[in-house]
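Tertiary structure, described
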Amino acid sequence: MNVHTPEIDRKPSREEAEAALALLRQWANKAPDAEIEALDPAVARLLDDAAFEYPDLSRIFPHKFEVDAAYKSSLPDLQNGPSSLIKGANRSIQHVGISNFRLPLRFHTRDNGDLTLEASVTGTVSLDADKKGINMSRIMRSFYRHAEATFSFGVIEAALDDYKSDLDSFDARINMAFRFPVKVQSLRSGLEGYQYYDISLELVETDGQRRKIMHLEYVYSSTCPCSLELSEHARRTRGQLATPHSQRSVARLSVEVQDGACLWFEDLIDLCRRAVPTETQVMVKREDEQAFAELNAANPIFVEDAARLFAQGLQKDARVGDFRVLASHQESLHSHDAVSVLTEGDLFAAGSLDPKLFSTLFHVG
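Rules behind the numbers
- Residues numbered from 1 in each chain as written.
- Predicted model: local features only at pLDDT ≥ 70, side-chain atom pairs only at ≥ 80, totals over all residues.
- Heavy atoms only, no water.
- Phe/Tyr/Trp six-rings, centres within 6.5 Å; stacked < 30°, edge-to-face > 60°.
- Helix = DSSP H or I, 4+ residues; strand = E, 2+ residues; numbered from the N terminus.
- Buried < 20%, exposed > 50% of the residue type's maximum accessible area, 1.4 Å probe, protein only.
- Polar contact = N/O pair within 3.5 Å; in protein donor to acceptor, adjacent residues only side chain to side chain.
- Contact = heavy atoms within 4.5 Å.
- Pairing = 2+ DSSP bridges.
- Salt bridge = Lys/Arg side-chain N within 4 Å of Asp/Glu carboxyl O.

Tallying each qualifying case throughout the model produces 12 aromatic pairs. Aromatic side chains Phe101 and Tyr144 sit 5.7 Å apart centroid to centroid with 55° between the ring planes, which places their arrangement in the tilted category. Of this pair, Phe101 sits in strand β1 (residues 93–108) while Tyr144 sits in helix α5 (residues 137–144); the two residues are 43 residues apart in sequence, bridging distant segments of the chain. Residue class for Phe101 comes out buried when judged on its relative accessible area of 9%. Accessibility expressed as a relative area gives 49% for Tyr144, which makes it partly exposed.

The following block contains the structure:
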């Protein structure tokens, strides 16, 4: 139990505070620096101006200043400091690094052409429990060493080797995202335009095992089979004009590329078109719009159908190992979406999903 005397509990008056402040200043002006530091470094601010002056710092940028080895070695490096500086739980971190580091990269196409595309790079490594942090700029520097090469999984592996070695880490991951243009033809008019596909290449190394992953977003139209039949019923039985509902839909295919296999971006796009042919159109005239209506009527599809059709195509391709299909039909009938997830193998199996996963399956034209 704490017992306070009335003198301790009483709030000092302003006059008493001013007297105490004057006494503290008088002591500080005569006390050695070490004593002031031992009591409280903030007391130094109470010294007279003659005894304590703010340093006269230069406000002009030193253009001619050069960093030599001695100066560089004197710079503090808290991120790579000792384990005594670690805050929080004494735990290893599975992934730490940089996200959305952008640079132009050259990619080879299936028809022997080259494209230079802006890529968004995410690079991470594992961090042991006894290490404070990593030098994140090393990831960027490692990537720049290979930025002039035509990119492939082989080049990504070389970049991962570099920064994994630079950062003395066991596990590492690189993900490169970009928009890949493909010229497509309209259904009947012969017009051409560019369809853009969100693609990312991912290289993951865990416990010495490397796995290569390609992600592709495919945008298509889905006509509801139930709505189609109900509309036809109204026409047939009551002479009532009715239209089935259809909507823009998005599928994200994530596939493991088998070692030694060459899976072109265009190959995965073609696989999607064969599985679900109602891809959204780029250039249309009236005859193309009519053809698209006919194409949708010939291929009505639930979100469950979409997942299984994509999976059927992936299962038949020997270049593909484990895979995951995410599909979202953004309903025009409901104010919510219809979604599905289908996985094959251990790589994409998950007992829990990011609660905002499906909100990322939204195509912005």
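Topologically, Gln330 is positioned in the loop between β8 (320–329) and β9 (338–344). There is a polar contact of 2.4 Å between the side chain of Gln330 and the backbone oxygen of Leu361. Filtering out sequence-adjacent residues up to four positions away, Gln330 remains in contact with Gln247, Arg248, Ser249, Val250, Asp337, Leu361 and Phe362.

Here we take up the sheet that holds strand β2 (residues 114–127). Spatially, nine strands are ordered β3-β1-β2-β4-β5-β6-β7-β8-β9 in an open sheet, and the strand pairing comes out mixed. Edge strands, defined here as strands with exactly one partner in the open sheet, are β3 (150–151) and β9.

What follows deals with the pattern of salt bridges. Summed over the entire model, instances satisfying the criterion amount to 23 salt bridges. The salt bridge involving Arg102 is made with Glu118; its shortest N-O contact spans 2.7 Å. Here Glu118 lies in strand β2 and Arg102 lies in strand β1, a separation of 16 residues in the sequence. Arg211 is the partner of Glu256 in a salt bridge, and the nearest nitrogen-oxygen pair spans 3.0 Å. With Glu256 in strand β7 (residues 246–257) and Arg211 in strand β6 (residues 209–223), the pair connects residues that are 45 residues apart, well separated along the chain. On the accessibility criterion, Glu256 (10% relative accessible area) is buried. By relative accessible area, which is 14% here, Arg211 ends up buried. Salt bridges sharing common partners tie together Arg110, Asp267, Asp270, Arg273, Glu279, Asp317 and Arg319.

Turning next to the side chain of Ser254. As for its position among the elements, Ser254 is in strand β7. When its relative accessible area of 0% is taken as the criterion, Ser254 is described as buried. Here His215 takes part through its side chain, which lies 2.7 Å from a polar atom of the side chain of Ser254. If we skip the residues at most four places from it in the chain, Ser254 touches Met214, His215, Asp322, Phe323, Arg324 and Phe348.

On to unusual backbone geometry, then. Phi is positive for Asn100, which is not a glycine, with a value near 65°. Checked against the element boundaries, Asn100 lands in strand β1. Phi at Asp207 is positive, roughly 55°, even though this residue is not glycine. Relative to the assigned elements, Asp207 resides in the loop between β5 (192–206) and β6. The class of Asp207 is exposed, set by a relative accessible area of 72%.

Attention shifts here to the environment of Arg319. Along the chain, the position of Arg319 falls in the loop between α10 (303–315) and β8. A relative accessible area of 26% means that Arg319 is categorised as partly exposed. Sequence separation of Arg319 and Val257 is 62 residues, and the distance between their C-alpha atoms is 6.0 Å. With residues near it in sequence (within four places) discarded, Arg319 still touches Glu256, Val257, Gln258, Ala261, Cys262, Leu263 and Asp267. Among the polar contacts made by the side chain of Arg319, one reaches the side chain of Asp317 at a distance of 2.9 Å.

As a further point, take the pairing of β1. Bridging between β1 and β2 involves 12 bridges; their strand directions are antiparallel. Its bridge partner lying in β2, Leu105 is registered against Leu117. In this antiparallel pair of consecutive strands, β1 and β2, the connection spans five residues, and Asn112 shows a positive phi of 75°. Relative to β3, β1 runs parallel, the two being bridged by two bridges. What sits directly across from Phe107, in β3, is Phe151.

Now for the environment of Phe180. Within the secondary structure, Phe180 is located in strand β4 (residues 172–185). Measuring from C-alpha to C-alpha, the distance between Phe180 and Arg138 comes to 28 Å, with 42 residues separating the pair along the chain. Residues contacting Phe180, with those up to four places away along its chain left out, are Thr109, Leu115, Leu117, Gln195, Tyr196, Tyr197, Ile199, Phe265, Glu266 and Ile269.

Quick look at the pairing of β5 now. Moving residue by residue along a regular strand, the side chains alternate between the two faces of the sheet. Where β4 and β5 come together, 14 bridges link them in antiparallel fashion. The residue of β5 that forms the bridge with Ala172 is Glu205. Joining the antiparallel neighbours β4 and β5 is a turn of six residues, in which Gly190 adopts a positive phi near 85°. For β5 and β6, the ladder comprises eight bridges, and the chain directions are antiparallel. Note that in β6 the partner of Ser200 across the bridge is His215.

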